[in-house]
Each structure stands twice: as structure tokens, then as C-alpha cells.
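Here's the letter readout for the chains.
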Amino acid sequence: MSEGAGAGKRLDHRLPERFVPTIDHDLCRACQRCVKDCSYQALEFRGSRVVPAGGCVACGRCIAVCPANCIEVRPVPPQFAPHGNWSERARRAILAQASSGGVLLSSCGADDDRPAIFDDLLLDAAQVTNPSIDPLREPVETVTYLGRRPGRLEVQDGRVVVREGDTPLIRLDMPLMFGHISLGSISYNAQKALFMAAKELNIVAGSGEGGLHPDLYEYADRICSEVASGRFGIKPEYLKEVAAVEIKIGQGAKPGHGGHLPGEKVTAMISETRMIPLGTDALSPYPHHDVYSIEDLAQLISVLKEATEYRTPVGVKIAAVHNVGAIASGVVRAGADFLTVDGFKGGTGAAPRVIRDHAGLPIEVAISAVDQRLVREGLRNRVTVCAGGGVRSSADMIKALALGADVVMVSTAALIAMGCRVCQQCHRGLCSWGIATQRDDLVARLDPYIASARVVHLFHAWNEELKEVLGAMGIDSVESLVGNRDRLRYRGPNPKIAEVMGVKHIGEGWG
Amino acid sequence: MRDACKPKGHSHECDCGRECMAIADGRAVIDLDLSSERPMHYTTLNCAVRKAMRQGCGSIEIRGVIGQRYLAATASVPGLHITVHGTPGNDLGAFLNGPTIEVFGNAQDMTGNTMNAGRIIVHGNAWDVTGLAARGGQILVKGDTGYRVGIHMKEFGDVRPTLVIGGTAKDHLGEYMAGGTALVLGMGGEGVPVGRNLGAGMHGGRIFVRGEVPPDRLGPGAALAPVLPSDTREIMALLDDFERAFSVKPPRSMDGYVKVVPSSSRPFSGYYDKTSV
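Residues numbered from 1 in each chain as written. Chains lettered and ligands numbered in written order. Predicted model: local features only at pLDDT ≥ 70, side-chain atom pairs only at ≥ 80, totals over all residues.

A. Focus on the overall build of chain B. From N to C terminus, chain B includes two helices and 13 strands. Taken over C-alpha atoms, the radius of gyration comes to 20 Å for chain B, in line with the 19 Å a tight globule of 277 residues would show. Residues counted as buried form 54% of the 277 residues belonging to chain B. A sequence separation of at least 24 residues applies to 42% of the contacts in chain B between residues at least 6 apart. (Helix = DSSP H or I, 4+ residues; strand = E, 2+ residues; numbered from the N terminus. Rg over C-alpha atoms; globule rule 2.2 N^0.38 Å. Buried ≥ 20, exposed ≤ 12 C-beta atoms within 10 Å, placed from the backbone. Contact = placed C-beta atoms within 7 Å.)

B. Here's a closer look at the sheet that holds strand E10 (residues 204-210) of chain B. All names here are of chain B. As summarised here, the arrangement of the twelve strands in space is E1-E2-E3-E4-E5-E6-E7-E8-E9-E10-E12-E11, forming an open sheet in which the pairing is mixed. The open sheet has two edge strands, strand E1 (21-24) and strand E11 (222-225), and neither has a second partner. Between one strand axis and the next, the sheet turns by 15° as a mean value, whatever way the strands run. Pairing analysis gives five bridges linking strand E5 (residues 97-104) to strand E6 (residues 117-122), with the strands arranged parallel. The residue bridging Ile-101 from the neighbouring strand is Ile-120, located in E6. Packing against the sheet, helix H1 (residues 42-54) makes contact with E1, strand E2 (27-31) and strand E3 (59-66), and its axis sits at approximately 10° to E1. (Pairing = 2+ DSSP bridges. Axes fitted to C-alpha atoms, helices over the stretch in contact; angles between N-to-C directions.)

C. Just the packing of helix H8 (residues 324-333) of chain A against helix H10 (residues 363-376) of chain A, in detail. Residues and elements named next belong to chain A. It is the contact of H8 with H10, at a shortest axis distance of 8 Å, that shows an interaxial angle of 55°. Accordingly, the angle class assigned to the pair H8 and H10 is oblique. As H8 runs across H10, the sense of the crossing is right-handed. In this structure, H8 contributes Val-324, Gly-325, Ala-326, Ala-328, Ser-329 and Val-332 to the contact, and H10 contributes Ala-366, Ala-369, Val-370, Arg-373 and Leu-374. Partitioned by chemical class, the residues of the contact of H8 with H10 number eight nonpolar, two polar and one charged. (Parallel < 35°, antiparallel > 145°, perpendicular 65-115°, else oblique. Left-handed = near helix turned anticlockwise from the far one by under 90°. Nonpolar A, V, L, I, M, F, W, Y, C, P; charged D, E, K, R; others polar.)

D. Highlighting the interface of chain B and chain A. The interface is formed by 59 residues belonging to chain B together with 58 residues belonging to chain A. Elements supplying a minimum of two residues to the side of chain B that touches chain A: H1, strand E9 (178-184) and strand E13 (272-273) of chain B. Class assignment of the residues belonging to the side of chain B that touches chain A gives a composition of 21 nonpolar, 24 polar and 14 charged.

E. Region of interest: the packing of helix H11 (residues 394-403) of chain A against helix H14 (residues 448-473) of chain A. Residue and element names in this part refer to chain A. Running from N to C, H11 and H14 point in directions that differ by 55°, and their axes come no closer than 9 Å. In terms of orientation, H11 lies oblique with respect to H14. At the point where H11 passes H14, the crossing takes the right-handed sense. Touching Ser-394, Met-397 and Ile-398 of H11 are Trp-462, Glu-465, Leu-466 and Val-469, all from H14. Its residues placed into classes, the contact of H11 with H14 shows five nonpolar, one polar and one charged.

F. Layout of the sheet that holds strand E5 (residues 103-106) of chain A. Strand order in the open sheet made by the three strands is E19(A)-E5(A)-E13(B), with mixed pairing throughout. Bordering the open sheet on either side are strand E19 (351-352) of chain A together with E13 of chain B, each of which pairs with just one other strand. Inspection of the sheet shows E5 of chain A paired to E13 of chain B by two bridges, in the parallel sense. Its bridge partner lying in E13 of chain B, Leu-104 of chain A is registered against Asp-273 of chain B.

G. Structural context of H14 of chain A. Here H14 of chain A spans 37 Å end to end across 26 residues, near enough to the 38 Å set by a 1.5 Å rise per residue. Gly-474 of chain A occupies a position one or two residues after H14 of chain A and carries a positive phi of about 80°. (Expected span 1.5 Å × (residues − 1).)

H. Inspection of H11 of chain A at higher detail. All names here are of chain A. The element H11 is largely enclosed, with a buried count of nine among its ten residues. Within the sequence span of H11, burial applies to Ser-394, Asp-396, Met-397, Ile-398, Lys-399, Ala-400, Leu-401, Ala-402 and Leu-403. One or two residues past the end of H11 sits Gly-404, with phi positive at roughly 135°.

I. Region of interest: the domain arrangement of chain A. All names here are of chain A. Each assigned domain of chain A is listed here: domain 1 (19-102) and domain 2 (144-505). The C-alpha-based centres of domain 1 and domain 2 are spaced at 34 Å. Taken together, the contacts link nine residues of domain 1 with seven residues of domain 2. Class assignment for the residues of the side of domain 1 that touches domain 2 results in five nonpolar, two polar and two charged. (Domains from an automatic or database assignment.)

Here it is in C-alpha cells:
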């Protein structure tokens, strides 16, 4: 942690390029728009031609802005002698670290090619014995509530009485929430777009732990504010005016790790929102130093409930780790109104590569472990379970629901809707799309109104697809899909995975 | 308009006039010994405190406190003075945003957790994690404090939290400190008034210690620095605050102060490699 904890002097060693922008000079009008827009300076105008300048990350900005449609970004073919064990990536990592002595930093979710378990799951549909429903002509309900449930119905004088819990429930029009992405990791325009979209879709969006910009309190009733170990930006209105408060214990991309917003991203606006000096690193400690046990967590939950006068549900987000079921049980017993589980493939604005790629539990297994554990302990009907981390499509969302999540958390997909190409350079702060950057000229590229409309389009479409699948399954309410693992079958390589998830293998019927 | 299926504020609404609370002339007195609910649950007590605040009381006196937690969390009434007799529980004055809380007794853990503004005065000891992530305001402790005190305090512009400890602090004082000032006076004790790992990973703020601090007490990222005239002025002002709060004359000699500062505001620069592999 001391200065220069790397290893001192950097020893330079040139690595082969990974991508190269290729210009069709017959079509190029030499307008240089691509040169101007490339925040990685991977293109230059030399003589009368635009030529590659090295360092292309395949962010795709040049392709999108080229009026002549004459740019193609090509992956550079293997530059190392082939070897079955020593992949190019392994060798590049060694060469980089031998030069820098540093911990390799990365962003977005784990990018290795381990297949997602979601892809090994197949959905059921209704045939003959239970009729399917046409969602375009009959109601199929996707409204979901976030918060602590009363757990049972009570009947008085022949009428159902809804017993109130500690805190209210928050209505979501679809079983979806935007994950926590802080102001700092993304730009003001990007965060505003997410909040606007959440308001329009009537779901909630996470604030991340960077505090809440004063102008964004306009969307507070659709924001889930985050209390993380850095405690940035926490003031009474940050807790009281929002839809929900979430204690962040862990993040799927970096379980057990803290947060680190490098000083160059701590601009005047970020320092004011987080209330830290300009240009210092914004560090979130690895643990909460007031939470060393479930009992301590219960206290943090309770103090937040006291602080909000029981008007705001208080949830807890944990990273999916190997003992996630027992931890989830403790979290619910500690009084969490909702529990969020963030999986192995979840995104990040900056995380050590070794943790991002190697620590944690795939969300598919984590959801079913948590759901089964909470059911077994009689707690499942008291709490809302949110889950995310690598949810790429409505199909993933639907499978996550069937595995046992009430609400599915998405972040990267929303950023992609805005323009993100998942080039995984967020930690460099140079995002050419104006999303993961604080540089004013880059931020100005993202129109929050257009970005928000695109996000709304995407998730409206996902919700329609959810209704299509529910209808095809003969289910008229999403709540009947939650934890309904009987409507899934596993067709992957390892039946043990199906067994621990409580999902039957393909070919196994109900009887 | 909140889109909840139930209205906010539906539960834990105080049903007092409880027999334990008396309000007169803008002063509220809550005497837990007079309550039929014994020991009084913290939700009930906090509810009574909130009720007194809503009624515009300028002072609230709470007697007979025995470990009730979360007292005055997010209390935001400027100028309000809350007096606590007894031993408040953990998280006293969490997220405090303006009022003064004065404790005649010892405070437990996490006093002033993430406080924003206001003042907490403890006429006794305050134990672990006091002043965690304080963003502003002041905490004055007459006696000793425990482990991990003043960690991750912050500052922005003129908003700078201060923490004065009359006695000693244990290990990890000022860990992750990003701003603010901690002052340890070491009164009434002998030897080094701070524990190990002092200022570990600090990247802002300053810690003043009256007494010797052997270098091996410093955590990674912390460094000793000379006490400047501006520091002396700050220490003097904090001593004034301490004297006013406790009617105790702290030693005024500026000799023997040690200043601990971050060795860098960017402790992780150079630690990471951003190469795309």
C-alpha cells in the first residue's frame, strides 16, 4: 500500500497490438472525424491519410462516427508461437507484469470463455395439459415488489388483512433493477440516463456508492442508494428520500475487495459529491469496519432503519461466494428487507484481474443455493431476493427468475444499450462513448435523453419477451415463475451442477 | 409521490404521551426509569426523541439510558442539544447532521458513525470505531478510545471533521483517513498514547499526537511531519473546544506534539497495471 508498492521503475517491453483499425482509403473522405473521436489516440492523420497509431481497444467509436462507413476494426491474429497451455493471454499478462510489477487491473465482467450455465438451461412450455396464454390478448402480470414481505396472509371477518412489515414495499413494473454504478465510475450523463430510464420503466436504479449529485435527487423515488464501506456521499436525504437503501458488502466482480476510484477520476464534481479532496484516490475499505459479523450487520441494518424512520426498505448486497446460502440466511435473519446476490460474471469499473476472473460463484448456482436454503429455513417468503451478474438477455433474466430470484439486476446490458461496446477499458477513464469517463469533452458525447430512451426500449422489449415466455408456460404472473425450477431442464456437460441447482436433467419429466 | 403499496411511516409511530416524557418550554425530558417499558426498547426511545424533535424542542434530556442503540440517528435539527445520562449503546449519533449530543457516561462502539455535522461530547470513554467515516462535525472524548477510531474520516472544502481524544487510542487510529483531524492528548496515562498501525493507508487528513510516536507504530502510507504554525493554531482551537466542553485545562504547551500525515494522496498510484491483456 505504500507508495510505489508496484516495484519501482517500469521496464518497458513492447507488446503486440490486439486490434487494428483498418481504413478503406478508396472510401475515406479524410474528414478525420475518427481521429478526433478516438480517445485512445489509436488513429492519426499523416500526410493525407488516416492511419492506425497503435493502442486500439476496439471500442468501435470510429466505426460509428465514420460518415463513409470505411473503417473496420480487426483483431490482430496470433502473434505468438502457438501453444496449447501458454495462451497468448497468459504470456501477455506475464510480459506486462514483468514490465510494471503491478497488479493487473481490469473492468467489466470476467471475460474468459467459461460458458455461462444459463446457456445450459432450457425453458419449459405448456402443451395440452396446461393451456398456454396469449400475452397480447390476456393479462400476464410482471409487477414485482421490493422489500420485506409479511410472510403470511391473515384473515379477519372473512377478509384478507395485509399485515404490515417493518418497512414498505416498493413496486416495480417489471422484475428488474439497474445495478449499482457509481457517479465516478460512470459519468453524470450516463447515471442520469439510467435514473431517467428507471423512472420511465417504473423500476429502481442503484446509485452506487459515489453519493448522489444534487440534480439527480429529482429521481430519488426510483433510486436505491448504496451504503458501502467508503460511506461516500451519505447524508440524511441520501437515506430518506430514496426508494430503498442497500448496504453493499460485496460485488460479484471483486468479492472481498474494496473500491478504488483513481485520483484522476476524482474531478471537482466527484469530489463534491463524495465529499473528499480533489484528486485524491477514493478508497472504499475492503470490509465495513463496523461489520465483522452477522450481529454487526444487524446493527447497521437497524441503524439505517432508525435513520430512515422505517420508511425505506433496507437491503444487503453480497457477492456470490462458495458459502452464499448460509450467508444469505444470516443476512435475512439480520433484518435485511431485500437481499441482492451478485454473481461471478458481474461488471465493474475497475477490479484486479486475478479476482475478477477467478473469485466467486456463478450467479445461476448462487441463486438456487440461496433460494433453496431460504426455503428450507422458512425465510424465503419474508424477503425479496435480487440477483444479477452477467445477465445478458431476457432469456438469462427469465432463467434467473425460475432459479429463484424475485428481481433481476442488470447493469452492463443497460450500458451497452447506451453505446458501450464492452471494450473493458473503464478503469482508464477514457471511454469514447462518454459513459465510463469524467472527461468533459467525452461526457458531452452522451446525450442522456437518447441514452435513456434506448435503455427504456431495451428493457421494455425484455419485459415483453418475459410475458411471451410466461404465456407460453401457461403462467399469468411472474411471481409464479420465481423459484419454479421445475420449468427448467439442464442440458450441460455436468449433471452435478443440475443436482446442486435443484434442476432436473433434460429428459426427466415431472412424474 | 412514492409508489409504494403501503404508505410510509406506518409503523413504529410513537404512541406517547408516554408517561416517561415531559415537554415544557421547548425542553423535553425523557426519563427511562419512569417508563413502564423496562428496559425500554431502542425503537421506543428513538421514537420519543423524534417526537420531541418534531415538536420543536431545543433540548432533549434523556435519563437512565442503559445501552439503547442508534440514539438520535440522522438527527438534523440545528442548535438542538441532546443530553444523555447513562450509557448509550452502539451507533450513538449515527449520520448526525447538526445537533449536539452530550453524554454523561461512557459511549460504546461506532459513536458518530458517518456523521455529517454537529458535535458529540463524551464525558467518559468512547470505544471502538468512534467517528467512523465522519464527514464533518466534531467528536470530543474526555477519556480513552478503543480500536479503529477515526477511520476513513473525510473532508471537503471547509467541511472538516475533528476528533479530540483526551486519553489514549488503541490500534489502527486514522486508518484509511481521507481528511479531517484527529488529536490525541494522552492525558492521565503514561507511555505511547496510540497503538499500532497508526494512520494505515491514510491518504488525506492529519493526526496529532501529544507524546512520542515510535516509527514502528506507523502503518503503511503514514509518515511523520513537522508541526507547522498553522497546525499549532488548529491544535490550540481544538484544545479550546476540549476545555469548554469538559471544564478541564489540557496542557497548553505546544512541545512534544507529533504530526502524522499521508505519505501520498495517491497511495495506489503505481500499484496497478492497466495493460490490456
